[in-house]
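Residue-level listing of the chains:
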Amino acid sequence: MEGPSSTGVSNRKLAMWTFIGSECMLFGTLIATYLIYRGRNVVGPYPDELLNIPFITVTTFVLLMSSLMMVLALAAIERNDLKKTKIWLFMTALFGLIFLGGQYYEFNHFVHEGLPLSRNLFSSTFFVLTGTHGGHVAGGVIWLGTLFVRATQGKLDATHAETVEIAGLYWHFVDVIWIVLFTLIYLLV
Amino acid sequence: MSGKSGATAGHSTEPHVSNRFYVAIAVILAVFTALEVMVFYVEALAPFLFAILMVLMVVKFALVVMFFMHLKFDRPLLTGVFAGGLFMAIFVIVALMAVFGKFG
């Protein structure tokens, strides 16, 4: 059991918010790099030839809905409703996997169309930025998977609500980063 | 560390928000995403595209942070920690874009 904190906030939660603040700066530098080099390609293929807005809108919707499921998992564990906690944790991880599947398909499609990582400025900055985000999603899916397994083993109950809340903070952060990337990369081509 | 809830250390001060409220937030997020895509395809809105998309993006961002991440109901210290990183990131983006001549 965690002891009292001088800040009035649980140390683990404060640590997660501090981590999220530092992650803002990480993504800030990657976004800045992408924006600086946007429109400066000297060889194709160019972004407007490849970006599939309807497809990415669907995967964006999937990630947004995974955030809803995450917050429902937290609400369930706070009520000590373990059955629903398991369901929502599983659904959140599943939607995260669907998003990753979409990203894998998109990357594969780009490479197939002649846009590997080092082809031009767009490909370098695009793959690094969205790939870093995808890595975070993958980490979140693994984290949610471990929580789901613990819940299945009966090792997760209402006394662990903060553990789920902290995983949720990470997951929602991954979602808000995608909200920014969706606009900056796909809609403001 | 056991990983149990740190009730003594200040678990979220949020009021009990109903699931229906969370669903309502998700519906707003979905509708705003649809609006973003619609604006993207409507040529008549092209002159306002940047402004509209930025407003919708900021509102969606704020909704998730305030309600799904419970920052609206939590302690101000956490808002400060997050806002510090966020504003520094925005500053870095704007400064680098200025340095590289992206503002004309």
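Numbering of residues starts from 1 in every chain and runs along the sequence as written. Chains carry letters from A onward and ligands carry numbers from 1 onward, assigned in written order. Local features are withheld for residues below a pLDDT of 70 in this predicted model, meaning they are given only at 70 or higher, and side-chain atom pairs are given and counted only at 80 or more; totals for whole chains, interfaces and linings count all residues.

### Description of the overall build of chain B
We apply this condition: Strands here are runs of E lasting at least two residues and helices are runs of H or I lasting at least four, both read from the DSSP assignment and numbered beginning at the N terminus. Counting other C-beta atoms within 10 Å of a residue's own tells you its class, since 20 or more makes it buried, 12 or fewer makes it exposed, and anything in between is partly exposed; those C-beta atoms are placed from the backbone. In this description, a residue-residue contact is defined by the distance between C-beta atoms placed from the backbone, which must lie within 7 Å.
For chain B, the count of helices and strands is three helices and zero strands. Of all 104 residues assigned to chain B, the portion counted as buried reaches 27%. Sequence separation of 24 or more characterises 57% of the internal contacts of chain B that already satisfy a separation of 6 or more.

### Some words on the overall build of chain A
Across its full length, chain A carries six helices and zero strands. Taken along the three principal axes of its C-alpha coordinates, chain A extends 60 × 35 × 20 Å. Considering chain A as a whole, with its 189 residues, one finds that 44% of them fall into the buried category. For chain A, long-range pairs separated by at least 24 residues make up 81% of all intrachain contacts whose partners lie at least 6 apart in sequence.

### Thoughts on the interface of chain B and chain A
Worth spelling out the cut-off: All residues other than Ala, Val, Leu, Ile, Met, Phe, Trp, Tyr, Cys, Pro, Asp, Glu, Lys and Arg, Gly among them, are scored as polar; the first ten of these are nonpolar and the last four charged.
The interface of chain B with chain A comprises 47 residues on the first partner and 52 residues on the second. For the side of chain B that touches chain A, the secondary-structure elements that each account for two or more residues are helix H1 (19-41), helix H2 (49-68) and helix H3 (76-99) of chain B. The greatest single-element share of the side of chain B that touches chain A, amounting to 14 residues, is contributed by H3(B). Grouping the constituent residues of the side of chain B that touches chain A by class yields 30 nonpolar, 12 polar and five charged.

### Looking at the domain arrangement of chain B
Many descriptions give the size of an interface as the accessible area lost when the pieces come together. To be explicit about the condition: In this document the domain limits rely on a domain assignment from an automatic tool or a database.
Structurally, chain B comprises domain 1 (16-73) and domain 2 (75-104). Using only C-alpha atoms to locate each centre, domain 1 of chain B and domain 2 of chain B end up separated by 21 Å.

### Points about the environment of Met70(A)
Residue and element names in this part refer to chain A. Looking at the secondary structure, you find Met70 in helix H3 (residues 53-78). Separated by 19 residues in the primary sequence, Met70 and Leu51 place their C-alpha atoms 29 Å from one another. The residues touching Met70, leaving out its near neighbours within four places in the chain, are Thr92, Gly168, Trp171 and His172.

### Some remarks on the environment of Ile87(A)
Relative to the helices and strands, Ile87(A) resides in helix H4 (residues 82-112). A C-alpha to C-alpha distance of 7.7 Å links Ile87(A) and Ala73(A), two positions 14 residues apart in sequence.

### Notes on the packing of H3(A) against H1(B)
As a reminder, the rule being used: Note on geometry: axes are C-alpha line fits, over the in-contact stretch for helices, and angles between N-to-C directions span 0 to 180 degrees. Any angle that falls under 35 degrees is termed roughly parallel, while one over 145 is termed roughly antiparallel, one within 65 to 115 roughly perpendicular, and all others oblique. In this scheme the handedness of a crossing depends on how the near helix is turned from the far one: anticlockwise by less than a right angle means left-handed, clockwise means right-handed.
The geometry of H3(A) relative to H1(B) is characterised by a closest axis approach of 10 Å and an angle of 165 degrees between their N-to-C directions. Here H3(A) lies roughly antiparallel to H1(B), going by the angle between them. Seen from above, H3(A) lies across H1(B) with right-handed handedness. Together, Ile53(A), Thr57(A), Thr60(A), Phe61(A), Leu64(A), Met65(A), Leu68(A), Val71(A), Leu72(A) and Ala75(A) of H3(A) and Asn19(B), Tyr22(B), Val23(B), Ala26(B), Leu29(B), Ala30(B), Thr33(B), Val37(B) and Phe40(B) of H1(B) make up the contact between the two elements. Of the residues contributing to the contact of H3(A) with H1(B), the split by class is 15 nonpolar, four polar and no charged.

### Considering helix H1 (residues 11-37) of chain A
We count it as follows: One fewer than the residue count of a helix, multiplied by 1.5 Å, yields its expected span.
The terminal C-alpha atoms of H1(A) lie 40 Å apart, and with 27 residues this matches the ideal 39 Å at 1.5 Å per residue to within 8%. Gly39(A) occupies a position one or two residues after H1(A) and carries a positive phi of about 80 degrees.

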